[in-house]
Amino acid sequence: MAETISSFWGPVTSTKECCEQNYAHSTYIAELYNTISNIPTIVLALIGLINALRQRFEKRFSVLHLSNMTLAIGSMLYHATLQRVQQQGDETPMVWEVLLYMYILHSPDWHYRSTMPIFLFVYGAGFAIAHSVFRFGIGFKVHYIVLCLLCTPRMYKYYIYTQDVLAKRLAKLFLGTLLLGSLFGFCDRVFCEEISRWPINPQGHALWHVFMGFNSYFANTFLMFCRAQQRGWSPKVVYLMGVLPYVKIEKPKSQ
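Source: prediction; values computed, not measured.

Once that is clear, we can look at the packing of helix 6 (residues 138–160) against helix 7 (residues 165–190). If you want to describe how two helices pack, look at the angle between their axes and the distance between the axes. Orientation of helix 6 relative to helix 7, taken along the N-to-C sense of each, is 160°, at an axis distance of 11 Å. Between helix 6 and helix 7, the interaxial angle falls into the category roughly antiparallel. As for how helix 6 packs across helix 7, the hand of that crossing is left-handed. Where helix 6 approaches helix 7, its residues Lys141, Met155, Tyr159 and Ile160 are matched on the opposing element by Lys168, Ala171, Lys172, Phe174 and Arg189. Here the contact of helix 6 with helix 7 is composed, by residue class, of 5 nonpolar, no polar and 4 charged.

And the structure:
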């Protein structure tokens, strides 16, 4: 929906919009479904954060779950306002989050421990400044996809070296939710004109948010399992109320 509508937030200034009618339900929320669909991500990240803190996982995982929550909140603000500033507040944390995943994936084998976090921090700060000045469009998307692809070989390596069946299932759930979310997001973007004529809009971008919330949770949980194995913490995958998987560990008494 590319129309520019004046509302509580003023005219739309973002460079992209989704296939949801602007301000159809409230003058305060531009895209209602795309806004509230970020709530599952926040809830799942909160559950992951509580588990990481309760079992005293390394701080990197607490930061990772907080990063998921921050990204979801930024996305809510963007879709609620459709303002350019909020759009950058949504896009920049996306890059920061991938950089954090790169650190968690590669840090166990990184021989110079201080160089990689410093490099990633400087890179993330530099991108934030450049994005605010040049306001990347398609360049942002290409850059984000490249960063995600750089994480793929390492994630696959973790998968093939993991013997636990339930942990492997987490990786499969990660891949499945990624593919489903991408499919809904792609259809929402490419077939918007046709979808707009349907009696009911399936809200593909909102479904993308929901699936990616679970995707992030499964990725985080799988990485927590792999890291616990590296540390010798005897991890196992258990289920909260028989539904939601999480990692339970037993640290040696010396730790």
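What follows concerns the environment of Lys141. Along the chain, Lys141 falls in helix 6. Remark: the alpha-carbon pair of Lys141 and Glu91, spanning 50 residues in sequence, is separated by 9.3 Å.

Moving on, we come to the confidence of the model for the chain. When the pLDDT values of the chain are averaged, the result is 93; 96% of them are 70 or greater. Below pLDDT 50 for its whole length, residues 1–5 participates in 19 contacts with residues either more than four positions away or in separate chains.

Mapped onto the present numbering, the UniProt feature "binding site: Ca(2+)" (unreviewed entry) falls at Glu20, Asn22 and Glu31. You can see Glu20 is positioned in the segment before helix 1 (32–36). Of the residues examined, Glu20 reaches a relative accessible area of 3% and is grouped as buried. By secondary structure assignment, the location of Asn22 is in the segment before helix 1. Overall, the relative accessible area of 3% leaves Asn22 in the buried class. Polar side-chain contacts of Asn22 include one of 2.7 Å to the side chain of Glu17.

The next thing to look at is the UniProt feature "binding site: Zn(2+)" (unreviewed entry) in the chain. In the numbering used here, UniProt assigns the feature "binding site: Zn(2+)" (unreviewed entry) to His79, His205 and His209. Look at the named residues: they lie 131 residues apart in sequence, but the longest C-alpha span between them is just 11.4 Å, so in the fold they bunch up. Structurally, the position occupied by His205 is in helix 9 (residues 204–230). With residues up to four places along the chain from it excluded, the contact list for His205 reads Cys18, Asn34, His79 and Asp188. Separated by 3.4 Å, the side chains of His205 and His79 make a polar contact. Tracing the backbone through its elements, the reader meets His209 in helix 9. The contacts of His209, once residues within four sequence positions are left out, are Asn34, Ser37, Asn38, Thr41, Ser75 and His79. One polar contact links the side chain of His209 to the main-chain carbonyl oxygen of Asn34, over a distance of 3.1 Å.

With respect to the helices and strands, Phe191 occurs in the loop between helix 7 and helix 8 (192–195). When its relative accessible area of 38% is taken as the criterion, Phe191 is described as partly exposed. Each C-alpha atom of the pair Phe191 and Cys19 lies 8.7 Å from the other, and the pair is 172 residues apart in sequence.

Criteria and cut-off values
Residues numbered from 1 in each chain as written. Predicted model: local features only at pLDDT ≥ 70, side-chain atom pairs only at ≥ 80, totals over all residues. Heavy atoms only, no water. Axes fitted to C-alpha atoms, helices over the stretch in contact; angles between N-to-C directions. Helix = DSSP H or I, 4+ residues; strand = E, 2+ residues; numbered from the N terminus. Parallel < 35°, antiparallel > 145°, perpendicular 65-115°, else oblique. Left-handed = near helix turned anticlockwise from the far one by under 90°. Contact = heavy atoms within 4.5 Å. Nonpolar A, V, L, I, M, F, W, Y, C, P; charged D, E, K, R; others polar. pLDDT = per-residue confidence, 0-100. UniProt positions renumbered as here; feature names shortened; annotations may be inferred. Buried < 20%, exposed > 50% of the residue type's maximum accessible area, 1.4 Å probe, protein only. Polar contact = N/O pair within 3.5 Å; in protein donor to acceptor, adjacent residues only side chain to side chain.

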